[in-house]
Amino acid sequence: MKLPTPLEPAPATLAPGREVWLKREDVHELGAFKWRGALPALESFRERGAEAVVTASTGNHGAATAWAAEQLGLKALVFAPLGASPTKLAHVERLGAELRLVGADLDEAKDEARSFAEAHGFPFFEDGAEPAQFKGYAAIGVEILAQSPQETAAVVVPVGNGALIAGIGRALADGSPRPLRVGVVAKEAPVMALSWRARRPVESDRCATFADGLATRVAVPLAVTELVEVVDRMVEVSERELALAVAAFAAVGIRGEGAAAAALAALSQLGDVEGPVVLVVTGRNIDDELFARCVERPESFPD
């Protein structure tokens with residue numbers, strides 16, 4: 001995959017009357033942005049003598065870890081929750097990782113993975129807790145600033161564990177003038193927005209979004225610290241709004257997963273932003289059945 005990933009004008013039908021650009025992280029061979037953080041993180045583990053790495057993921061992070069491990073000659077063990085996307089899990093296994101299904105959600109799988117890593121002396125790669133990830137994701141922000149044909153008013157980024165917007169937000173801080181940095185969470189998985197507003201990690205028992213890339217229940221403290229520094233606004237979107245955005249992308253030929261559609265879903269809440277808006281399209285790895293439901297029956301999702 002050639003870098004940088006494309007920054008392209010959105011089809012007019014996606015946002016009539018607005019100038020919108022799409023940062024297409026979905027076009028990478030892995031179908032998502034996560035490789036940008038996994039590769040430098042695993043390089044760091046290898047430099048410290050690791051021969052294997054353990055992580056937990058709902059799919060894209062696990063695939064990126066497996067891909068990076070293969071590039072670097074490491075072994076990858078990926079723990080995933082029992083209800084994780086079959087499409088994404090198959091991707092993880094194709095890339096050579098050892099896959100273990102445990103727990104009801106990502107955070108339960110993460111607890112099991114951390115315990116396993118400690119018991120066997122392996123490093124635990126917690127998504128969103130490795131500084132090397134932030135540096136990798138910052139490259140997206142650098143590319144946006146370099147690729148934008150004119151001053152960008154806002155950059156809108158889906159937020160799961162927060163590492164992506166932490167990295168992009170750092171880079172955008174160097175823009176002149178600096179674009180508004182907007183994070184988007186699922187209303188049904190709001191812990192990172194709640195933590196950002198409180199300026200510290202808070203507890204939440206809500207994590208019921210179909211967008212598995214946004215499905216964070218337990219805030220990552222390091223990511224929260226970063227978000228407090230680099231995010232200007234947080235927006236929450238409903239499951240129906242996410243589904244409608246998936247359908248809108250599909251109508252213009254873009255296959256986006258739920259998290260990837262979050263920035264588009266949030267656009268209606270940014271009516272006060274004047275000027276070009278960049279939406280980060282994070283990935284395309286969505287199960288066929290779920291994709292079809294979003295496209296054909298978006299009203300079946302709660303609002």
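The present account deals with the structure reproduced in this document.

Criteria and thresholds
- Residues numbered from 1 in each chain as written.
- Predicted model: local features only at pLDDT ≥ 70, side-chain atom pairs only at ≥ 80, totals over all residues.
- Heavy atoms only, no water.
- 1 Å grid on protein atoms, 1.4 Å probe; cavity = no way out; pocket = protein on both sides within 12 Å on 5 of 7 lines; lining within 4 Å.
- Points joined across faces, edges and corners; volume = space filled by probe spheres on them.
- Nonpolar A, V, L, I, M, F, W, Y, C, P; charged D, E, K, R; others polar.
- Buried < 20%, exposed > 50% of the residue type's maximum accessible area, 1.4 Å probe, protein only.
- Helix = DSSP H or I, 4+ residues; strand = E, 2+ residues; numbered from the N terminus.
- Pairing = 2+ DSSP bridges.
- Right-handed = clockwise from strand over helix to strand, strands pointing away.
- Disulfide = S-S within 2.5 Å.

Turning our attention to the layout of surface pockets. Its volume calculated, the largest pocket comes out at about 350 Å³. Lining the largest pocket are 22 residues, with Gly83, Ala84, Ser85, Phe210 and Asp212 sitting closest to its centre. Here the residues of the lining of the largest pocket sort into eleven nonpolar, six polar and five charged.

Counting buried residues in strand β4 (residues 75–80) gives five out of six residues, a clear majority hidden from the surface. In the sheet, strand β3 (residues 52–56) pairs with β4 via five bridges, with the strands oriented parallel. Across the sheet, the residue bridging to Thr55 is Val78, located in β4. Handedness of the crossover joining β3 and β4 through helix α2 (residues 60–72) is recorded here as right-handed. Looking at chain direction, β4 and strand β5 (residues 98–101) are connected through four bridges and run parallel. Directly across from Ala80, in β5, lies its bridge partner Leu101. One crossover worth recording links β4 to the parallel β5 by way of helix α3 (residues 86–94), and it is right-handed.

On to the sheet that holds β3, then. With parallel pairing, four strands are arranged side by side in an open sheet as β5-β4-β3-β6. The open sheet is flanked by β5 and β6 (124–125), the only strands paired with a single partner.

As a further point, take the state of the cysteines. Enumeration over the complete set of coordinates arrives at zero disulfides. Cys207 takes part in no disulfide bond, and the closest cysteine sulfur, belonging to Cys294, lies 17 Å away.

Despite not being glycine, Arg199 shows a phi value in the positive range, around 65 degrees. Within the fold, Arg199 resides in the loop between α7 (191–198) and α8 (221–230). Residue classification places Arg199 among the exposed positions, given a relative accessible area of 58%.

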